[in-house]
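Below, each chain spelled out in residue letters.
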Amino acid sequence: TGLVTVVGAGTYTVTSHIDGCADVTSTSQTATAPQIATVDAGQNLPIAGGAATLTGTNLGGISKISVDGDEVREWSVKSDTELAIVAPAHAAGDVPLQISGYWSNTVVTEDVTYA
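These numbers were taken from a predicted model, which means no experiment stands behind them.

The rules behind each value
- Residues numbered from 1 in each chain as written.
- Predicted model: local features only at pLDDT ≥ 70, side-chain atom pairs only at ≥ 80, totals over all residues.
- Heavy atoms only, no water.
- Helix = DSSP H or I, 4+ residues; strand = E, 2+ residues; numbered from the N terminus.
- Contact = heavy atoms within 4.5 Å.
- Areas by Shrake-Rupley, 256 points an atom, 1.4 Å probe, with all protein chains shown as cover.
- Core = buried A, V, L, I, M, F, W, Y, C linked by side-chain atoms within 4.5 Å.
- Buried < 20%, exposed > 50% of the residue type's maximum accessible area, 1.4 Å probe, protein only.
- pLDDT = per-residue confidence, 0-100.
- Pairing = 2+ DSSP bridges.
- Axes fitted to C-alpha atoms, helices over the stretch in contact; angles between N-to-C directions.

### A word on the overall build of the protein chain
Phase 1 of the analysis: Helices and strands together make up the secondary structure of the protein chain, namely 0 helices and 13 strands.
Phase 2 of the analysis: Going from N to C terminus, the protein chain has its helices and strands arranged as β-β-β-β-β-β-β-β-β-β-β-β-β.
Phase 3 of the analysis: Sequence separation of 24 or more characterises 48% of the internal contacts of the protein chain that already satisfy a separation of 6 or more.
Phase 4 of the analysis: For the protein chain, the accessible area works out to roughly 6,800 Å², and carbon and sulfur atoms hold 50% of it.

### Some remarks on unusual backbone geometry
Phase 1 of the analysis: Non-glycine residue Asn58 carries a positive phi angle of around 55 degrees.
Phase 2 of the analysis: When you line up the elements, Asn58 lands in the loop between strand S7 (50-57) and strand S8 (62-67).
Phase 3 of the analysis: At Asp68, a position not held by glycine, the phi torsion is positive, near 50 degrees.
Phase 4 of the analysis: Looking at where Asp68 falls in the secondary structure, it is placed in the loop between S8 and strand S9 (70-71).

### Quick notes on the nonpolar core
Phase 1 of the analysis: Formed by 20 residues in total, the largest nonpolar core has its most connected members in Leu45, Leu54, Ile65, Val67, Ile85, Leu97 and Ile99.
Phase 2 of the analysis: Elements with a minimum of two residues in this core: strand S5 (35-39), S7, S8, strand S11 (82-87), strand S12 (93-101) and strand S13 (107-114).
Phase 3 of the analysis: Not counting chain neighbours up to four residues away, the residues in contact with Val67 comprise Leu45, Val72, Pro88, Val95, Pro96, Leu97 and Tyr114.

### Digging into the side chain of Ser66
Phase 1 of the analysis: Along the chain, Ser66 turns up in strand S8.
Phase 2 of the analysis: According to the relative accessible area criterion, Ser66 is buried, its value standing at 8%.
Phase 3 of the analysis: Apart from residues no more than four positions distant in its own chain, Ser66 is found in contact with Glu71, Val72, Pro96, Leu97 and Gln98.

### Points about the environment of Gly50
Phase 1 of the analysis: Mapped onto the secondary structure, Gly50 falls in strand S7.
Phase 2 of the analysis: Between the C-alpha atom of Gly50 and that of Ala87, which follows or precedes it by 37 residues, the distance is 5.2 Å.

### Description of the confidence of the model for the protein chain
Phase 1 of the analysis: Here the protein chain shows a mean pLDDT of 76. Residues at 70 or above account for 66%.
Phase 2 of the analysis: In this model, residues 1-8 is a region of pLDDT below 50 whose contacts with residues beyond four sequence positions or in other chains number 14 contacts.

### Focus on the sheet that holds S8
Phase 1 of the analysis: Ordered by their spatial adjacency, 5 strands build an open sheet running S6-S13-S12-S8-S9, and the pairing between neighbours is mixed. A single partner strand is all that each edge strand has here, and the edge strands are strand S6 (44-45) and S9.
Phase 2 of the analysis: Across 2 bridges, S8 lies against S9 in antiparallel orientation. From the neighbouring strand, Val67 faces S9, where its bridge partner is Asp70.

### Digging into the pairing of S13
Phase 1 of the analysis: In this structure, S6 lies alongside S13, joined through 2 bridges in parallel fashion. Note that in S13 the partner of Asn44 across the bridge is Thr113.

### Quick notes on the sheet that holds S7
Strand pairing in a sheet relies on backbone hydrogen bonds. The paired strands run either parallel or antiparallel.
Phase 1 of the analysis: Spatial strand order, S5-S7-S11-S10: 4 strands in an open sheet with antiparallel pairing. For this open sheet the edge positions go to S5 and strand S10 (74-79), each flanked by a neighbour on one side alone. Strand-to-strand twist across the sheet, computed as the mean angle between neighbouring axes with direction ignored, equals 30 degrees.
Phase 2 of the analysis: Where S7 and S11 come together, 6 bridges link them in antiparallel fashion. From the neighbouring strand, Thr53 faces S11, where its bridge partner is Ala84.

Structure (C-alpha coordinates):
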(Lines give C-alpha, C1' and ligand atoms only; values in the text may rest on other atoms or scores of the structure.)
Protein backbone atom coordinates (compact mmCIF):
# COMPACT_ATOMS: atom_id res chain seq x y z
CA THR A 1 0.00 0.00 0.00
CA GLY A 2 1.34 3.45 -0.83
CA LEU A 3 0.59 6.91 -2.03
CA VAL A 4 2.04 8.55 -5.11
CA THR A 5 1.78 12.33 -5.36
CA VAL A 6 2.30 13.95 -8.75
CA VAL A 7 4.37 17.10 -8.23
CA GLY A 8 4.48 18.49 -11.75
CA ALA A 9 3.38 18.01 -15.31
CA GLY A 10 4.87 15.03 -17.08
CA THR A 11 4.76 11.27 -17.45
CA TYR A 12 5.37 9.01 -14.47
CA THR A 13 6.06 5.29 -14.12
CA VAL A 14 5.59 3.69 -10.71
CA THR A 15 7.15 0.36 -9.77
CA SER A 16 6.01 -1.39 -6.58
CA HIS A 17 8.14 -3.96 -4.77
CA ILE A 18 7.07 -6.34 -2.00
CA ASP A 19 9.61 -8.81 -0.61
CA GLY A 20 8.95 -12.30 -1.93
CA CYS A 21 6.74 -11.05 -4.76
CA ALA A 22 7.41 -9.96 -8.32
CA ASP A 23 7.76 -6.22 -8.97
CA VAL A 24 4.68 -4.57 -10.44
CA THR A 25 4.98 -1.58 -12.78
CA SER A 26 1.97 0.62 -13.32
CA THR A 27 0.88 2.21 -16.56
CA SER A 28 2.34 5.68 -17.11
CA GLN A 29 0.10 8.55 -16.09
CA THR A 30 0.39 11.97 -17.70
CA ALA A 31 -0.38 15.06 -15.65
CA THR A 32 -0.74 18.18 -17.77
CA ALA A 33 -0.66 21.59 -16.12
CA PRO A 34 -3.22 24.17 -17.24
CA GLN A 35 -2.43 27.23 -19.32
CA ILE A 36 -4.27 30.54 -19.50
CA ALA A 37 -4.45 31.96 -23.03
CA THR A 38 -6.70 35.01 -22.56
CA VAL A 39 -8.78 36.89 -20.04
CA ASP A 40 -11.88 38.04 -21.90
CA ALA A 41 -10.78 39.86 -25.06
CA GLY A 42 -7.29 41.10 -24.25
CA GLN A 43 -6.24 39.95 -20.79
CA ASN A 44 -7.77 42.90 -18.95
CA LEU A 45 -9.58 42.56 -15.63
CA PRO A 46 -11.92 45.38 -14.50
CA ILE A 47 -10.26 47.60 -11.83
CA ALA A 48 -13.53 47.76 -9.91
CA GLY A 49 -13.63 43.96 -9.84
CA GLY A 50 -16.23 41.88 -11.56
CA ALA A 51 -16.92 39.06 -13.95
CA ALA A 52 -14.27 37.83 -16.37
CA THR A 53 -13.79 34.74 -18.51
CA LEU A 54 -10.46 32.92 -18.63
CA THR A 55 -9.75 30.72 -21.63
CA GLY A 56 -6.93 28.24 -22.05
CA THR A 57 -6.27 24.51 -21.82
CA ASN A 58 -6.57 21.83 -19.13
CA LEU A 59 -8.67 24.07 -16.86
CA GLY A 60 -11.00 21.32 -15.63
CA GLY A 61 -8.95 20.38 -12.56
CA ILE A 62 -8.56 23.85 -11.06
CA SER A 63 -8.83 24.02 -7.26
CA LYS A 64 -7.67 27.58 -6.53
CA ILE A 65 -7.29 30.89 -8.36
CA SER A 66 -5.65 34.06 -7.05
CA VAL A 67 -4.89 37.48 -8.51
CA ASP A 68 -1.83 39.30 -7.10
CA GLY A 69 -2.10 37.10 -4.01
CA ASP A 70 -5.83 37.73 -3.41
CA GLU A 71 -7.88 34.55 -3.63
CA VAL A 72 -10.68 34.58 -6.19
CA ARG A 73 -13.63 33.38 -4.11
CA GLU A 74 -16.23 33.09 -6.87
CA TRP A 75 -15.37 30.99 -9.92
CA SER A 76 -16.68 28.07 -11.90
CA VAL A 77 -15.37 25.69 -14.53
CA LYS A 78 -17.43 26.07 -17.69
CA SER A 79 -15.34 23.53 -19.62
CA ASP A 80 -11.80 22.22 -19.85
CA THR A 81 -10.99 25.38 -21.85
CA GLU A 82 -13.01 28.05 -20.01
CA LEU A 83 -13.36 29.42 -16.45
CA ALA A 84 -15.75 32.10 -15.23
CA ILE A 85 -14.39 34.21 -12.35
CA VAL A 86 -15.37 37.24 -10.30
CA ALA A 87 -12.09 39.12 -10.02
CA PRO A 88 -11.36 41.16 -6.89
CA ALA A 89 -10.99 44.95 -7.27
CA HIS A 90 -7.41 46.12 -7.86
CA ALA A 91 -5.47 49.19 -8.96
CA ALA A 92 -4.63 49.42 -12.68
CA GLY A 93 -1.50 47.62 -13.81
CA ASP A 94 0.04 44.23 -14.51
CA VAL A 95 -0.39 41.54 -11.86
CA PRO A 96 0.20 37.77 -11.58
CA LEU A 97 -2.80 35.47 -11.91
CA GLN A 98 -2.09 32.11 -10.27
CA ILE A 99 -3.99 28.87 -10.71
CA SER A 100 -3.45 25.55 -9.01
CA GLY A 101 -5.32 22.32 -9.20
CA TYR A 102 -5.80 18.72 -8.30
CA TRP A 103 -3.33 17.53 -10.97
CA SER A 104 -0.20 18.42 -8.93
CA ASN A 105 1.41 20.78 -6.45
CA THR A 106 2.42 23.06 -9.32
CA VAL A 107 1.17 26.64 -9.37
CA VAL A 108 0.85 28.15 -12.84
CA THR A 109 1.35 31.93 -13.08
CA GLU A 110 0.24 34.13 -15.97
CA ASP A 111 0.50 37.93 -16.09
CA VAL A 112 -2.77 39.81 -16.55
CA THR A 113 -3.63 43.49 -16.66
CA TYR A 114 -6.18 45.44 -14.65
CA ALA A 115 -7.51 48.35 -16.72
